[in-house]
Amino acid sequence: MSPPPSPATEHSINNDLEGNLRGIRSRIRACCGKYGRDPDSVRLVAVGKQHPAERIAALAALGQRDFGENYLQEAGRKMDWCHDQAPGAANDLAWHFIGHVQSRKCRDIAERFHWVHTVDSVKVATRLNQHRGDRRLNVLIQVNIDDEPTKSGVRVDQVQDLADMVSTLSNLHLRGLMIIPRARDTFAQQREAFARCRQLQDSLIREGLALDELSMGMTADMEAAIAEGATMVRIGTALFGPRPPSA
Ligand SMILES: *Cc1c(COP(=O)(O)O)cnc(C)c1O
């Protein structure tokens, strides 16, 4: 049983988001300081799945620019809402697709998003490339780093082949790798998975690919990911609060 919704005015929504945003930014800064990294080298991607468009727009009004979404239809509604609310400001937002890419959705994803973090097959890459217009779409390859049967992503031993192929597609710009490791109990264990992803990226770079982004780290493991070189952290819960149960 969930408690009745509190009477949230727009004002209190904004306050709450503002505090959360400030909190996350200071955690990122502190963590970068601790691990000797430039705080500007970590981009905060706000993950809004299951949260209403009003909250995305409120966060955008507070200066947040990068937004991650898992579902195309839901994302489209939010993009339209942000555009209707503040057409000028909406043009500055960067939308990141972070959900599983179904090939029949590739056209809309390629047309509406600025980044796709979850390319995991030749078929998806080919279709995104085919439907993307003139400006190259930034993409990352999702790696199934813990080899979990239930998770999307390419196997570690298939990453090089897929990366080589994606890098030949003229409408895509391959930027790096993305992972969602399984949950781990300790900070050291969290770091171990992120370190393997960074090493994999380093080996692709040695093979000649110009990669500059690592999408890793969520609310529960953000610090470990930053310690291992994440350039994009995808944060939902710590910004928006717990997700409402899906219908
Ligand atoms: C939901 C989601 C996130 C955000 O997770 P939180 O734990 O709420 O921060 C990040 N990445 C992906 C791929 C997600 O699906």
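Below: a short report on this structure.

### Considering the overall build of the protein
For the protein, the helix and strand inventory stands at 10 helices and 8 strands. Expected size for 247 residues packed as a compact globule is a radius of gyration near 18 Å; at 18 Å, the protein falls within 12% of this value. Going through the 247 residues of the protein one by one, you find that 48% of them count as buried. For the protein, contacts bridging at least 24 residues in sequence account for 62% of all contacts bridging at least 6. Carbon and sulfur atoms form 49% of the exposed surface of the protein, whose accessible area is close to 12300 Å². Taking the average location of the 32 positive side-chain charges in the protein and that of its 31 negative ones, the two points are 1 Å from each other.

### Notes on the packing of helix H6 (residues 122–131) against helix H7 (residues 159–166)
For the pair H6 and H7, the least separation of the axes is 10 Å and the interaxial angle reads 15 degrees. With respect to H7, the element H6 is oriented roughly parallel. Note that H6 runs across H7; the crossing there is right-handed. Facing Val 122, Ala 125 and Thr 126 of H6, the residues of H7 in contact are Leu 162, Met 165 and Val 166. Partitioning the contact of H6 with H7 into residue classes produces 5 nonpolar, 1 polar and no charged.

### Digging into the site of the ligand
For the ligand, the set of nearby residues contains 13 residues, the closest of which are Lys 49, Asn 70, Thr 219, Gly 236 and Thr 237. Within the side chain of Lys 49, a nitrogen or oxygen atom sits 2.7 Å from an oxygen atom of the ligand. Contact distances for the ligand include 2.8 Å between an oxygen atom and a side-chain N or O atom of Arg 243. Across the complex, the protein chains shield 89% of the 390 Å² of accessible surface that the ligand would expose by itself. For the shell around the ligand, the class distribution of residues is 6 nonpolar, 4 polar and 3 charged.

### Details of the side chain of Thr 118
With respect to the helices and strands, Thr 118 occurs in strand E4 (residues 115–119). With a relative accessible area of 1%, Thr 118 lands in the buried category. Within polar-contact distance, the side chain of Thr 118 engages the backbone oxygen of Gly 99 at 2.6 Å. Among all residues touching Thr 118, those that are not within four sequence positions of it are Phe 97, Ile 98, Gly 99, Val 101, Leu 140, Gln 142 and Met 178.

### As for the pairing of E4
Of all the 5 residues making up E4, 5 are buried; the element is thus mostly covered by neighbouring parts of the structure. Here 2 bridges tie strand E3 (residues 94–97) to E4, and the two strands are oriented parallel to one another. The partner of Phe 97 across the bridge, within E4, is Val 116. Traced from E3 through helix H5 (residues 106–112) to E4, the parallel crossover comes out right-handed. Summarising the sheet, E4 and strand E5 (residues 137–143) pair through 3 bridges and their orientation is parallel. From the neighbouring strand, Val 116 faces E5, where its bridge partner is Val 139. For the crossover that starts at E4, traverses H6 and ends in the parallel E5, the hand is right-handed.

Criteria and cut-off values
Residues numbered from 1 in each chain as written. Predicted model: local features only at pLDDT ≥ 70, side-chain atom pairs only at ≥ 80, totals over all residues. Heavy atoms only, no water. Helix = DSSP H or I, 4+ residues; strand = E, 2+ residues; numbered from the N terminus. Rg over C-alpha atoms; globule rule 2.2 N^0.38 Å. Buried < 20%, exposed > 50% of the residue type's maximum accessible area, 1.4 Å probe, protein only. Contact = heavy atoms within 4.5 Å. Areas by Shrake-Rupley, 256 points an atom, 1.4 Å probe, with all protein chains shown as cover. Lys, Arg positive; Asp, Glu negative; His and termini not counted. Charge placed at Lys NZ, Arg CZ, Asp CG, Glu CD. Axes fitted to C-alpha atoms, helices over the stretch in contact; angles between N-to-C directions. Parallel < 35°, antiparallel > 145°, perpendicular 65-115°, else oblique. Left-handed = near helix turned anticlockwise from the far one by under 90°. Nonpolar A, V, L, I, M, F, W, Y, C, P; charged D, E, K, R; others polar. Near = heavy atom within 4 Å. Polar contact = N/O pair within 3.5 Å; in protein donor to acceptor, adjacent residues only side chain to side chain. Pairing = 2+ DSSP bridges. Right-handed = clockwise from strand over helix to strand, strands pointing away.

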